[in-house]
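Notes for the structure review
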Amino acid sequence: MADETRLSPEQEELAERARCAVAEAARQLSLPTAVADGDGQDPNEFRSDALASLRALAYLGRAVEECAALAARAAAQEGAGYPQLGRAWGVSRQGARKRWPGLVFAARPASRPLPDHQTRSSTMNGLAPRTYTVLLVEDDMADAMLIEEALTERGMARGIERADDGVAALEYLRDPRNERPDLIVLDLNMPRMNGRELLNVLKSDTELSSIPIVVLTTSAAPDDIDAAYRQHANAYVTKPVNLDEFIESVQSIDSFFLDIASIPPHRLGDAG
């Protein structure tokens, strides 16, 4: 396969042992060539030991795929990302994503403890280490999954809330039961209320205007960039086409706004 990684001598030895184990399993599962006429097969059908082995290998292959999916899901629930899944399966990050789309989002980033070497000190923002909340306003499921993966992959404690459009985002932000997010990542092109309209509403709202907003969109149009900054967006980032660059961009946003920059105090949506 094109996305397979180069194997080390130790991995080659393990691969050879796996091939031998599969061959032995196929031999034991293979039906004898002298199949009884009552097995539902045409008695005139051509049979051979090789075909019997191929049939057994087909069942083994399906069983391996099912077991691999279960193991990948379990690893994702334990916090593994696509890079780790890819290395375990011997493929690239992209290969793992194609094989098990969306698995990494079974992880619970909000429950992860902040690593000691990456937590903010008491002198930075005057905050004790805690979980930071990101509101993702994005209607594209694939992009939303990528952004969530990027945030999860950094290993930091992040609570991620998602709204499909501006209306849903406003409902979330204005619900007093919800905590106010520390950062809003906003797409521009969405149904009902688009990102431009939501940005204008949020920056005109005295209670919500101080929340940092990063526009993350496919548009690189100068008019969109200029309009976003005129509406007081805190940053404007064009979504890269390359997967790794996309992940890196999201992680850079997260790192700057939640690890480096000072942000407003964490409070409930209706707190003064």
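Predicted, not measured: the structure shown is a model, and the values here were computed from it. (Residues numbered from 1 in each chain as written. Predicted model: local features only at pLDDT ≥ 70, side-chain atom pairs only at ≥ 80, totals over all residues. Heavy atoms only, no water.)

Listed as buried for helix α6 (residues 166–173) are Gly 166, Ala 169, Leu 170, Tyr 172 and Leu 173. Viewed along the axis of α6, the buried residues span an arc of 160 degrees, placing them on a single side of the element. At the N-terminal boundary of α6, the capping side chain belongs to Asp 165, with an oxygen 3.1 Å from the backbone nitrogen of Val 167. (Buried < 20%, exposed > 50% of the residue type's maximum accessible area, 1.4 Å probe, protein only. Helix = DSSP H or I, 4+ residues; strand = E, 2+ residues; numbered from the N terminus. Arc of directions from axis to C-beta. Polar contact = N/O pair within 3.5 Å; in protein donor to acceptor, adjacent residues only side chain to side chain.)

In this section: the confidence of the model for the protein chain. Per-residue pLDDT for the protein chain averages 76, and the proportion of residues at 70 or more is 74%. Residue range residues 33–38 is modelled with pLDDT below 50. Its contacts to residues more than four positions away, or to other chains, number 6 contacts. A low-confidence stretch, residues 268–272 (pLDDT under 50), is modelled with 13 contacts involving residues beyond four sequence positions or located in other chains. (pLDDT = per-residue confidence, 0-100. Contact = heavy atoms within 4.5 Å.)

Right, let's get into the packing of aromatic side chains. What the rule picks out here adds up to 1 aromatic pair. The interplanar angle of 75 degrees and the centroid separation of 5.4 Å between the aromatic rings of Trp 89 and Trp 100 together place this pair among those described as edge-to-face. Taken together, the residues span a long stretch of sequence, with Trp 89 in helix α3 (residues 82–89) and Trp 100 in the loop between α4 (93–99) and β1 (132–137) at a distance of 11 residues. Assessed through its relative accessible area of 32%, Trp 89 is described here as partly exposed. Trp 100 gets classed as buried once you look at its relative accessible area, which sits at 7%. (Phe/Tyr/Trp six-rings, centres within 6.5 Å; stacked < 30°, edge-to-face > 60°.)

A separate point is the nonpolar core. Counting residues in each nonpolar core, the largest one holds 22 residues, and the members touching the most others are Val 137, Leu 173, Ile 184, Leu 186, Leu 198 and Leu 202. Counting only elements with at least two residues in this core, the list comes to β1, α6, β3 (183–186), α7 (195–203) and β4 (213–217). With 4 residues, the top contributor of residues to this core is α6. With near-sequence residues (within four places) excluded, Val 137 lies in contact with Ala 163, Asp 165, Gly 166, Ala 169, Ile 184, Val 185, Leu 186, Asp 187, Met 190 and Leu 198. Counting residues in each nonpolar core, the second largest holds 20 residues, with Leu 136, Ala 144, Phe 257 and Leu 258 among its members. (Core = buried A, V, L, I, M, F, W, Y, C linked by side-chain atoms within 4.5 Å.)

Another point: unusual backbone geometry. Here the phi dihedral of Arg 192 falls at roughly 60 degrees; this positive angle occurs in a residue that is not glycine. With respect to the helices and strands, Arg 192 occurs in the loop between β3 and α7. The exposed category is assigned to Arg 192, whose relative accessible area is 61%. For His 232, which is not glycine, the phi torsion reads 70 degrees and is therefore positive. Mapped onto the fold, His 232 is located in the loop between α8 (222–230) and β5 (235–238).

To continue, consider the environment of Glu 248. Among the secondary structure elements, Glu 248 is positioned in helix α9 (residues 243–260). Along the sequence, Glu 248 and Ala 150 sit 98 residues apart, while their C-alpha atoms lie 7.6 Å from each other.

This next bit is on the side chain of Lys 203. One can find Lys 203 in helix α7. The buried charged residue Lys 203 lacks any salt bridge, with Asp 205 as its nearest oppositely charged partner at 11 Å. Of note is the side chain of Lys 203, whose polar atom sits 2.9 Å from the backbone oxygen of Ser 209. Here the side chain of Lys 203 touches Asn 234 through a polar contact of 3.2 Å, side chain to side chain. Once residues within four sequence positions are removed from consideration, Lys 203 is found in contact with Ser 209, Ile 211, Ile 213, Gln 231, His 232 and Asn 234. (Lys, Arg positive; Asp, Glu negative; His and termini not counted. Salt bridge = Lys/Arg side-chain N within 4 Å of Asp/Glu carboxyl O.)

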